[in-house]
Amino acid sequence: MIGKKINSVSAVSLSEVKDILKERLDKNEKEVEPTYEQNLTNDYVKKFVKLTPAKTKKLMEDLQKLGFVDERIAIKIADVVPEDLDVLGLVIPKDAPLDESRQKQVLELVLKYSK
């Protein structure tokens, strides 16, 4: 990565990482071998991505429309796709204002997209 320029910094979901990486690997396939880090990241996202990019984006939008889930928490929820309140509680930071009724709302929404 020495000599590479950072164009922008933003939080992205794992499914977006998968798409970005796939695009870069396909574009550079003929020119350059993928780096060690790219290969590790590619293996990781192949293993852990659970939703399509379209579903992930829609889930994140719907979570943010609830009004009490910010972007970074929505990304984490969309990456993990928790199936019960216990797992959801592990994903949500302690400082997030989500009581049990709000967590149930979030979980219902996540379960709708995970099917």
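Everything quoted here is computed from the prediction, not taken from an experiment. (Residues numbered from 1 in each chain as written. Predicted model: local features only at pLDDT ≥ 70, side-chain atom pairs only at ≥ 80, totals over all residues. Heavy atoms only, no water.)

Moving on, we get to the pattern of salt bridges. One pass over the structure, following the stated rule, counts four salt bridges. The salt bridge involving Arg72 is made with Asp70; its shortest N-O contact spans 3.7 Å. Classification of Asp70 as partly exposed rests on a relative accessible area of 35%. A salt bridge links Glu100 to Lys104; the nearest nitrogen and oxygen atoms lie 3.7 Å apart. You can see Glu100 and its partner Lys104 sitting in helix α6 (residues 100-114), four residues apart, about one turn around the helix. (Salt bridge = Lys/Arg side-chain N within 4 Å of Asp/Glu carboxyl O. Buried < 20%, exposed > 50% of the residue type's maximum accessible area, 1.4 Å probe, protein only. Helix = DSSP H or I, 4+ residues; strand = E, 2+ residues; numbered from the N terminus.)

Before going further, it helps to examine empty space enclosed by the protein. Tallied over the full model, the rule gives one cavity of 30 Å³ or more. Roughly 50 Å³ of internal volume is contained in the largest cavity. Contributing elements (two or more residues each) for the lining of the largest cavity: α1 (14-28) and α4 (71-80). Looking at the lining of the largest cavity residue by residue, the class counts come to five nonpolar, two polar and two charged. (1 Å grid on protein atoms, 1.4 Å probe; cavity = no way out; pocket = protein on both sides within 12 Å on 5 of 7 lines; lining within 4 Å. Points joined across faces, edges and corners; volume = space filled by probe spheres on them. Nonpolar A, V, L, I, M, F, W, Y, C, P; charged D, E, K, R; others polar.)

Turning our attention to unusual backbone geometry. Phi is positive for Val81, close to 50°, though the residue is something other than glycine. Taking relative accessible area as the criterion, Val81 reaches 6% and is therefore assigned buried.

The next subject is the side chain of Gln103. Turning to its location among the elements, Gln103 is positioned in helix α6. Judged by relative accessible area, Gln103 falls into the buried class, the value being 16%. Apart from residues lying up to four places away in sequence, Gln103 is in contact with Leu85, Leu88, Ile92 and Leu98. (Contact = heavy atoms within 4.5 Å.)

What follows covers the packing of aromatic side chains. Applying the stated criterion to the full structure yields one aromatic pair. Ring geometry for Tyr44 versus Phe48: centroids 4.7 Å apart, planes at 45°, classification tilted. Separated by four residues within a single helix, Tyr44 and Phe48 lie in helix α2 (residues 36-48), roughly one turn from each other. Taking the relative accessible area as the measure of exposure, Tyr44 reaches 44% and is therefore partly exposed. (Phe/Tyr/Trp six-rings, centres within 6.5 Å; stacked < 30°, edge-to-face > 60°.)

Among the secondary structure elements, Val106 is positioned in helix α6. Assessed through its relative accessible area of 0%, Val106 is described here as buried. When the C-alpha positions of Val106 and Ala96 are compared, they lie 13 Å apart, and in sequence the two are ten residues distant. In this view, Val106 contacts Leu63, Leu66, Phe68, Val69, Ile77 and Leu88; residues no more than four positions away in its chain are not counted.

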